[in-house]
Amino acid sequence: MKHSDRPQDGEPRHDAGAPDEAPQDATTSSDEHAPDGKQISRRRMVGYLLAAPTLVAAARFMPAEKAAAEGIPAPNIADLFDLSDVLNAAAAPTYGLLAITIDKQGNANFQLPRSENGQGITTAFTMIIADEMDLPMSRVKVTLMPAEPKLLFNQLTAGSSSVFTLYEPVRRAAAVARTQLMRTAARELGVPARDLTLKDGVFTASHGGSMGFGALTEKAAVKRMIEFQPKLKKAADQKLIGTEQKRVDALDIVMGRKTFTMDLAPAGADPTMICRPPTLNASAKAIQNKAAVLKMPGVTHVLLVPHSDDVQGGVAVVARTFGQCIDAIRALKVTWSKGSIAGRTEQSIKADLAKAELPMTPALGKVIEETFTFNFRSGSALETNCAVADVRKDKAEIWAPLKSPQWAQGKIAELLKLNIESVKVNVMDGGGSFGRRLFCDGAFEAAVISRSIGKPVKLMWHRADDARHGRHHPLTTSKVRITTGGGAVLQYDQRHTAVPTDFTQGLGDYLTAAETRLPLQNFAQFSQTVFYTTANVPYNFGVVTQLLNEIDAFNTFNTSSVRNVYSPDVATATELMVDRVAKEFGRDPMEFRLAFAKDQRMKDVLNAVKKAGNWGRAMAPGTAQGIAMRNEYKGRTACLVEIDCTPATVNRKIRQAVTGPRVTKLVFAIDVGIPINPLGLKAQVMGGAMDGIAQALTYSHHLKNENFVEASWDNSAYTRQWNTPPVVEIIVMPQTTDVAGGAGEAAVGTTMAAVACAYGRAMGKMPTEFPINHNSPLHFEPYPASPPVPEVPADGLERAGIKRPSAKKKRATRKKKRTTARKPAAKTPSKTTKK
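In this text, all values refer to a predicted model and were calculated from it rather than measured experimentally.

Peer 1: Please set out empty space enclosed by the protein residue by residue, giving values where relevant.
Peer 2: Where empty space is left can be seen by rolling a probe of water-molecule size over the atoms. Enumeration over the complete set of coordinates arrives at eight cavities of 30 Å³ or more. Roughly 80 Å³ of volume is contained in the largest cavity. Considering the residues around the largest cavity, the lining is formed by Ser-378, Gly-379, Ser-380, Phe-434, Val-562, Arg-563, Asp-691, Gln-695, Tyr-699, Trp-713 and Tyr-718. Tallied by class, the residues present in the lining of the largest cavity amount to five nonpolar, four polar and two charged. Its boundaries defined by the atoms lining it, the second largest cavity holds a volume of some 70 Å³.

Peer 1: Lay out a nonpolar patch on the surface in plain terms, naming residues and giving numbers.
Peer 2: Taken together, the side chains of Leu-251, Ile-253, Val-254 and Met-255 present a nonpolar region at the surface, about 410 Å² in accessible area. As for its placement among the helices and strands, Ile-253 is situated in helix α6 (residues 250–254).

Peer 1: A description of the pattern of salt bridges should follow, citing residues and the corresponding values.
Peer 2: Tallying each qualifying case throughout the model produces 43 salt bridges. We note a salt bridge from Glu-188 to Arg-187, for which the minimum N-O separation is 3.7 Å. Note on Glu-188: relative accessible area 36%, which makes it partly exposed. What makes Arg-187 partly exposed here is its relative accessible area of 45%. The salt bridge partner of Glu-591 is Lys-610, with a shortest N-O separation of 2.7 Å. Here Glu-591 is found in helix α16 (residues 589–596), whereas its partner Lys-610 is found in helix α17 (residues 600–612), with 19 residues between them in sequence. Put simply, Glu-116, Arg-247, Asp-249, Lys-258 and Asp-429 are held in one network by salt bridges that share partners.

Peer 1: Pulling in residues and values, what's your account of the environment of Asp-579?
Peer 2: Tracing the chain through its elements places Asp-579 in helix α15 (residues 567–584). Remark: the alpha-carbon pair of Asp-579 and Arg-761, spanning 182 residues in sequence, is separated by 9.1 Å.

Peer 1: Pulling in residues and values, what's your account of the nonpolar core?
Peer 2: Membership of the largest hydrophobic core comes to 73 residues, with the highest contact counts inside it found for Phe-541 and Ile-643. For this core, the leading source of residues is helix α21 (residues 746–763), giving 11 residues. Aside from chain neighbours lying at most four places away, what touches Phe-541 is Val-489, Leu-490, Gln-491, Tyr-492, Val-578, Phe-592 and Phe-596. Judged by nonpolar contacts, the second largest core, of 59 residues, contains Phe-110, Leu-112, Val-170 and Val-176.

Conventions adopted
Residues numbered from 1 in each chain as written. Predicted model: local features only at pLDDT ≥ 70, side-chain atom pairs only at ≥ 80, totals over all residues. Heavy atoms only, no water. 1 Å grid on protein atoms, 1.4 Å probe; cavity = no way out; pocket = protein on both sides within 12 Å on 5 of 7 lines; lining within 4 Å. Points joined across faces, edges and corners; volume = space filled by probe spheres on them. Nonpolar A, V, L, I, M, F, W, Y, C, P; charged D, E, K, R; others polar. Patch = residues over 30% accessible without salt bridge, like charges linked within 9 Å, V, L, I, M, F, W, Y side chains within 5 Å. Areas by Shrake-Rupley, 256 points an atom, 1.4 Å probe, with all protein chains shown as cover. Salt bridge = Lys/Arg side-chain N within 4 Å of Asp/Glu carboxyl O. Helix = DSSP H or I, 4+ residues; strand = E, 2+ residues; numbered from the N terminus. Buried < 20%, exposed > 50% of the residue type's maximum accessible area, 1.4 Å probe, protein only. Core = buried A, V, L, I, M, F, W, Y, C linked by side-chain atoms within 4.5 Å. Contact = heavy atoms within 4.5 Å.

Take a look at the structure:
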């Protein structure tokens, strides 16, 4: 091989002493240009063969050469460098540690450094690897990687960034493996690589000989690292990417075979729960009846768990069953300190937010202005907070559905005063996340309790605890001013004022790592970073300013980056004002949006829902259509809904349920650039749309007596079956760019905004507080805050509409069973008896 100071593209790159031989089909990849105008260079990413007994392949970015400075255009920061770019910048340095291993059975194995919480990323990466390697999906094994400190900032699941950040390195690693296997097969079969065909993991030569991945993997292994550029498949040759594929774990889920955290049963790990305080973030000072509770059936331990920045704490109860834990918690008498929000009410918080609002840009024309309020809502996942911990004197092992496991590993080591190498954190599949899994408090509590009692524990938060003491989307106001003149929009100003969003557990470290790459790095810190890299106005509205002010005095609430973070509120306020300006201009809301949309991709998703949803059709009084669009996560979304606000629908009666207006039709178009799995995208959109409907109409929490009133999903009034749209159509746009954008959160803000716009048109008045029913009387009788968990209901049959058997019928049934038991068993014929 001809050597130079810098190997040419297509030539192998070697460590000293590595074999000087390049794969035969390694080629130079051309630069790709996204329609957005951003250049994506594959030359920055190189492949590796890693030293191992069997074939192991990886890929990483090479440092980019510094480009000449260009003028910064006027659009939002998010149009130039969004949250996806932030997370990608933090993760990129350790892409080379992500490897695909081919085992002797010919399977491709990949440990995914992300958390699977139902979003389907294990299926997506199974497809990516299988497609690039010409393997059946059943031969690709994607598992969740335990916490790995060497990954630095490449083990975070947030910001709908998993596919965007990992698509290119994982695909390239798969191409490296395929290239090396083909090279080895050509050598073993005695033919040029071009004479081989590959199907289902088997190479077949022109003379009829064949070898599979399993037979080749040891022969393809290398003793020293080799670096080269593999040849990626052309889009036309991809067989799986862009096709609808069922989840790889779907059957296991519906059959109950999939293992979640609470399914684990380590030897000696007993059920554990914590008695929480009656007010937010109070501390347990003393247990008044510890001895009596310890005598209750099944109870083995009762102990104080101190409150701290990382551990919410309270009084832990360990028992033989979770039912016994609940009984003990209800019997506990605890002395509590004052909570962290003493004296605060919703009304006082809203008044303080109004005082803290940042000033608007001076207006240069006619002003249209409104302020919108978005109340607290829960960020709880369907699976309540949980963890299993086994802490010994010199080591610890944790199991939990964590989205920032690497950060959790470091904090647990700090809490337990252990070396980080002595703490193993296993990432479990989770039953939903919505930002809740970014917080590791359950894992921290389990670790502290296990250390205290000297045995493993299986910790579960009660649903009431997760609803009240878990993480919430912060109470927010958003003031929007649009200035018009001469038939055009001259200025758009938005001032977002809020209770602070807590980014400190894990995500903040990633943002800090990336901050030197951020524009306006002197003030882009944590919440500001997230806001400025997600907030945007998808319209050509002249001079745009969007500012965030979070009040430090309210940093005592348990908040989090709940699904879609700031975007639902930002988008809803924006789209409602777009409707209002369109009305001022005397223009149709759809046509107005099409006229002012920033790019063709936005117009395409709008036109897609316009056609499929039959925009502008005649609607009955009390019903209306609504439209919204969004530019986020490297993609474009548009949502058209129809809503029914007629009295017959609004006043429906369902026991202990919120009814109200109902979205009767939802049409959603999503453009993610490269749609990996359209079926998975549709599922993501459905879930996000239900979030958006809930946040617009019914879903919120009420703060009273220094705690939240709601203690269950029913209380919180999330979208239920009686409020879901009977008609749902999701349009996945064909590939538009060479970037695989995010979809996990993309539907939330767009749907919420569309529903709000539809409601305003149906009612003839623009709504300004969300959800729209927040100030209505409660639809439930609140559970008390002390004891913190409600009694286990014993009326399940009645709730299901099943009549309980009478005492007389029960006696008759018992008598029949006794009579049957006394009857002699029928004789079994002997083996020699003829039938």
